[in-house]
Amino acid sequence: MVKRFSFALLCEPGHFGMKRKFDPDRPEMVDMPDPDPILLRGELNNLRKINRRFAGAAFEREILKLAQRAEPARQLEILDLATGSADLPAEILQLIGRIGRRAKVTALDRNELVLEEARAFTSGVRGITFVRGDILELDYPDESFDIVVCSLALHHFTRHPGG
């Protein structure tokens, strides 16, 4: 029996040279429980631009490296945390397909309106399952995914001593 690999790729703009400041007292549009749909769509478009600009080639290299470590005959299972408009899952599926691999992406976000926008943005993309959920309360067994991606969301979490 071959043990499944578990990898995580965490992307924040600061990792690629851009710093972002998050104020927990002023939530971002994607964090609001009932955002204006037009403003939300604009914010998700901005986040896609940031992903394209700051993830780019480095992100692609890392995804491909991780994909090549997993058992070749098996479909890759990928989890995208705080998926936003699901632009990264769509990109990942395209990348994985280019190297002849099969993949399925679980795109998780806690905001249902964000997920609705993601479904619309990726309407022609096969292989993405959308799930409403909280990053801090994941209910997946260990090693359920080969790759875990989290882009533009880590700045939302505070650091706790010993945590």
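Whatever comes next refers back to the structure up there.
Residues numbered from 1 in each chain as written. Predicted model: local features only at pLDDT ≥ 70, side-chain atom pairs only at ≥ 80, totals over all residues. Heavy atoms only, no water.

This next bit is on the overall build of the protein chain. Each helix and strand counted, the protein chain has 4 helices and 5 strands in total. Each helix (α) and strand (β) of the protein chain, taken in turn from the N terminus, gives the series β-α-α-β-α-β-α-β-β. Considering only residue pairs separated by 6 or more positions, the protein chain has 78% of its internal contacts joining residues 24 or more positions apart. Accessible surface, the protein chain: about 9,800 Å² in total, of which carbon and sulfur atoms supply 52%. (Helix = DSSP H or I, 4+ residues; strand = E, 2+ residues; numbered from the N terminus. Contact = heavy atoms within 4.5 Å. Areas by Shrake-Rupley, 256 points an atom, 1.4 Å probe, with all protein chains shown as cover.)

Glancing now at the pairing of strand β4 (residues 128-132). Here strand β3 (residues 103-109) pairs with β4 via 5 bridges, running parallel. Bridge pairing in β4 links Ala-107 to Phe-130. Where the polypeptide runs from β3 across helix α4 (residues 112-121) and back to β4, its parallel neighbour, the crossover connection is right-handed. (Pairing = 2+ DSSP bridges. Right-handed = clockwise from strand over helix to strand, strands pointing away.)

Our focus in this paragraph is the environment of Asp-80. Its location among the elements puts Asp-80 in strand β2 (residues 76-81). When its relative accessible area of 2% is taken as the criterion, Asp-80 is described as buried. As a C-alpha pair, Asp-80 and Phe-145 span 65 residues in sequence and 10.0 Å in three-dimensional space. Those residues in contact with Asp-80, other than ones at most four positions away along the chain, are Pro-89, Val-105, Thr-106, Ala-107, Leu-108 and Val-149. At 2.6 Å, the side chain of Asp-80 and the side chain of Thr-83 are in polar contact. (Buried < 20%, exposed > 50% of the residue type's maximum accessible area, 1.4 Å probe, protein only. Polar contact = N/O pair within 3.5 Å; in protein donor to acceptor, adjacent residues only side chain to side chain.)

Within strand β5 (residues 147-151), 5 of the 5 residues are buried, which leaves the element mostly enclosed by the surrounding structure. Direction of pairing for β2 relative to β5: parallel, over a ladder of 4 bridges. In the sheet register, Ile-78 faces β5, and the bridge partner there is Ile-147.

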